[in-house]
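Architecture at a glance
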Amino acid sequence: MSTPRDPITIFAARRIITMNPARPTATHVAVREGRILGVGPLAELAGWGPHTLDERFADRVLMPGLVEGHSHLMAGTLWRHAYCGCFDATDPDGRRVAGSPSIDAMLSTLSEAAATQPDGPVVGWGFDSIYFGSRRCTRADLDRVSTTRPVGVLHASGHILNVNTVALQAAGFLRAGIDHPAFPLGADGLPTGELKGPEAMLPALDPVGLNRSFLSGDESGIRAFGRLAVRAGVTTATDLAATLLDPELDTLLRLTREADYPVRLVPLLRMIGISPAQAVERAVALRARSTDQLRLGRIKVVADGSIQGFSARLRWPGYHNGAPNGLWYTAPEAMREGYERALAAGIQVHTHTNGDEATALALDCMDAALARQPRADHRFTLQHAQLADAAQFRRMRALGLSVNLFANHLYYWGDQHAAITVGPERAARMNAGRSALDAGVPLAIHSDAPITPLAPLFTAWCAVNRVSASGQVLGEAERITVPEALHAITLGAAATLHLDGEIGSIACGKRADFCVLDDDPVSAAPEALKDLRVWGTVQGGRVFQA
Amino acid sequence: MIKNVAAPLAAPLPCVLIGGWLGAGKTTLVNQLLRQAGGLRLAVLVNDFGDLGLDADLITGASGEVLELAGGCVCCSYGADLIGTLRRVTVREPRPDALLLETSGVADPAAVARSLTLLPAIRRNGTVVLADAPRLAALQADAYVGDTVRAQLAAADLLLLNKVDGLDAAALAALRRSLPAVRTVETVQAALPIEVVLGLGFGTDTGTGTDTGTDTDTDTPAPQALRAPAAAAGRFVSRSRHLDGPQDVAALVGQLTAAGSGVLRAKGLLTDADGRRLLLQVVGRRAQLAPAPAAALGPDRLAVIGLAGSCNGPPWT
C-alpha cells in the first residue's frame, strides 16, 4: 500500500531550458518534496497522479537555478554601507544604486550617507581609483565628508581602505616618520590615509566600524545575500573562504534551516592559520554537519595574491610594468600536504591561483599528491586561474581538475590588465574559457562577489563577449558560446562542487531549483545576455520573487 | 640590582624577528630560547597556532588568544593582524622583557621588519633567519620559491645555518660558498646561547655587561655567563671590557661589523668624541646607535659574543 505523499505541483512555462541533452527544452516541470518529479509535456507529467497546475510562469522561461561557484557572504553584508563603486549596481532590495564615476561623486555619496545618521562612522565600499587615472583619494578628500566622525571607504578589491584624518588618528597612523610601502605619504610627510593591504587596513577597521566580525558575515548580511541571490537567479552559492568557527556555523545552520531562506550555501573552510592536517580533520567533521541547504566539508587554499594588486605570482616575463613578482600565500609544502591528506579523506579542495606561476605550482603539487594518494573523481578545482594557458588547461584535464575562471575581470579590469599589469597579449588570454573547454576541463565562471556583483548572467555575458569597460574586445579567440556559458553557470559550476548529480540541470530526481526569467536566453543576442530580466527563483520547490 | 628600574613604558620593547622557510627550525629555536629564558619574560608571536610546535611542557595554560608559558612567558598568534597583535602585546601587564616574532615560512622578514617601523613602542633588535642546511641548495634553486628563500637569507642580520649535521664536509663547504655575505652561525637543532639571539646583558641591566649584573665587569672572558644548551656548550664565547674615554665610534663600529671580526652580537655603552653617551647594538653586520638611556649607569663598556675559534682581532682584545 502506498502512503500519502506530498502534493505535486506542475509549473507551466513558456520554455524550460533543462541543460539535459536528452530533453533540452520542455513546457512543464513537476515538483514534489522540493525535487523534480519530471520535466516534459503536461500530459506525460500527469501520469504521476493528482497535481496542482501552477501557471504563474506561463509567460516566463525557466532554466536550472544558477550556481555561483565563487562568491562571499560579505557581498550581502557590505550593502549596509554606502555603495561607492564606479558602476551602477542593484542593492539586495532591488533598488538601482547609481555609481560614483569620480572621486567627487564618491564624496557626495558618502556625504549623503553621513546625513542619514547624526553620528558614528561613515563607511563606503566598492570604490576603485583605478578608473580615475593617477588621482588618488586622500584623507583631505574624506575630511570633506566629516572632520569629526571617522570616514572610511573600502576599495572594490577589498585590499585597500581609504580613511579620513579622524580615522587615521584613531588607527594610530597620523604621525610623521612612517616609511612603509603600505602607507603613501603626502607632501606634509604624513600618511595620505590610503592603507594598502590587510596589515595596514586592519588597525583602521575598528575606528570606521568595519571590524573583522563584520567582514566574516553576520545574520543580516547572510539574509541580504539571500535576497541578492534571488535577484540574480542564483539558487546555490559558495562562501569561498570561511573560518567556520562555531558561532558562525551555528548562525549559518539556523538561517539556512528557515522556511524562507532562498539559497543553498556552500562555505569552504579556508586553510589559513591552521595546518593542512587540521584543515582536513575539520573539513571531515564539518562534512558530517551538512544539511540540504548548507553544504560543508570543502577546503579553500590560497596560493598567491591578486594580479591588479601585483601580488599574484607570474611566470616569466612577469608584470608588464616591471613590478616585482608577487607573493606566495601558502607554502608549496603545505599545499602538497593538504592535497594529499584531502585526497585520502575524500575532501574537496579549491585553490585560488591568480597568476600562471601559481597555477603551475598547484598543478605540480596536484601531480605529486596524486602520485602518492591516487583518487578517482576528486573534483579539485582551480579558482581564478586567470592567466592559465592552453598547456596548463591540458594538465588540468590530465589531473582531473576543474576550473572556475574569473570572467568578470575582463570587463571590470580588462583595460588595466592590457595597459599595466600583464600587457595586451596576455590580457587577451586571461580567463581563457575557450582553451579550457577545448582541453576538456569542466568549466565554471564567477563574480567573486562582492569584488564584482553577483550576477551569473552578466558573468556569462563577459565570457561570451570578452568586452572591457572601455569597449575593447580582449581575445576574441577565447570567447565561448551562449550555450556553453549557460552550462558554465549551471551544471559547470555544480560540477566544480561535486553537486552536478543533484543540481545544475532540470531532470527527474534533481532539486527543484529554477532561475525564472522574463526573457529567453536561447533566443537572445549574445550581447544581450547581461540584460536578461530575472523574475526570481524557485529553490527546493519554493517560489521566491525578486 | 637595577633590574626593572629603568622600565618606563616609553622605552621601546626590543623585538627579534625569527624568519626562515618551513622546516628550517624556527620553532625549535624558540623552544630552546624559552628553556634558557631564566626569568626573562619573553612574548612569542607566531603567525598561527596551526603548526604550533612549542614543547608541551612549556605551555602552562591559555587565556583567550594567549598561551601562557613557563616562567611568565606568553605566546600569541597574529594571523593577518600583526600590527594590532603587537600593540596589544606592548601594553600587556606584566610587560614582556622582549618579543620573539616568528614569521610565517613564506614571509619576507624584510617586509615584517618594515611593519615593525610602524610601531614606535617596538624596536627591532635584529633579524635571525634560519636555513635548513641539507635542503637549502635545492630551495635556493627552486623555480617557485627560490626567490622567496633568497630574499629571506638576504634579510638576515644573523643567519643560522641549521641541521649542519645532515651534510658532509664537502657539501657544507659548497653550501657556505653559496650564501650571501651575512654573518652565519652553523647549528644543530638550532642550539645556541640565548644571548646570541636577544643580545648581551639583556634584561639584567640597561647598559651592558654579560649577566653579572654588577658594575664590576672585568676584562676576563665570561663563557659561563652564556646560557647555552648542551649541544652548543663551548662553541660560543663572550668578552667584556671597559672603554676608557671618548671613542672613535666609526672605527669601533667598523671593527665590530667587519667581515672577519667573528662578532655575532655586541652591546656597548660608550662616549663619543663629542661627549655624547651612546648605546651601541650590533647584530651580525648591522649596528644601531642610540642615545644611552638615562638609567644606563656604570662605566663605559663593551661586550661581545662570537663563535669560539673565530674571536680574533680588535674587538676581542
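Just so it is clear, the structure is predicted and the values come from calculations on it, not from any experiment.

1. Re unusual backbone geometry
Residue P450(A) follows A449(A) across a cis peptide bond; omega there is 15°. Tracing the chain through its elements places P450(A) in the loop between β20 (443–445) and α18 (456–465). The omega torsion across E93(B) and P94(B) is -5°, close enough to zero to call that bond cis. Here P94(B) is to be found in the loop between α2 (82–90) and β6 (98–102). Unlike most non-glycine residues, E33(A) shows phi in positive territory, near 55°. On the secondary structure map, E33(A) appears in the loop between β2 (25–32) and β3 (35–40). Overall, E33(A) belongs to the exposed group, with 12 C-beta atoms counted inside 10 Å. For N431(A), which is not glycine, the phi torsion reads 50° and is therefore positive. The residue N431(A) is located in the loop between α16 (423–427) and α17 (433–438) in this model. Judged by the 30 C-beta atoms lying within 10 Å of it, N431(A) is buried.

2. Regarding the domain arrangement of chain A
All names here are of chain A. Looking at chain A, the domain boundaries give domain 1 (82–209) and domain 2 (215–539). Its C-alpha centre places domain 1 at a distance of 29 Å from the equivalent point of domain 2. Between domain 1 and domain 2, the residue contacts involve 10 residues of the former and 10 residues of the latter. For the side of domain 1 that touches domain 2, the residue count by class is four nonpolar, five polar and one charged.

3. Let's talk about the nonpolar core
Ranked by size, the top nonpolar core spans 257 residues in total, and within it V29(A), V163(A), I299(A), A460(A), L42(B), L99(B) and L100(B) carry the most contacts. Excluding anything up to four places from it in sequence, L42(B) contacts L33(B), L34(B), A37(B), C73(B), P96(B), D97(B), A98(B) and L100(B).

Procedures and definitions
- Residues numbered from 1 in each chain as written.
- Chains lettered and ligands numbered in written order.
- Predicted model: local features only at pLDDT ≥ 70, side-chain atom pairs only at ≥ 80, totals over all residues.
- Helix = DSSP H or I, 4+ residues; strand = E, 2+ residues; numbered from the N terminus.
- Buried ≥ 20, exposed ≤ 12 C-beta atoms within 10 Å, placed from the backbone.
- Domains from an automatic or database assignment.
- Contact = placed C-beta atoms within 7 Å.
- Nonpolar A, V, L, I, M, F, W, Y, C, P; charged D, E, K, R; others polar.
- Core = buried A, V, L, I, M, F, W, Y, C linked by C-beta atoms within 7 Å.

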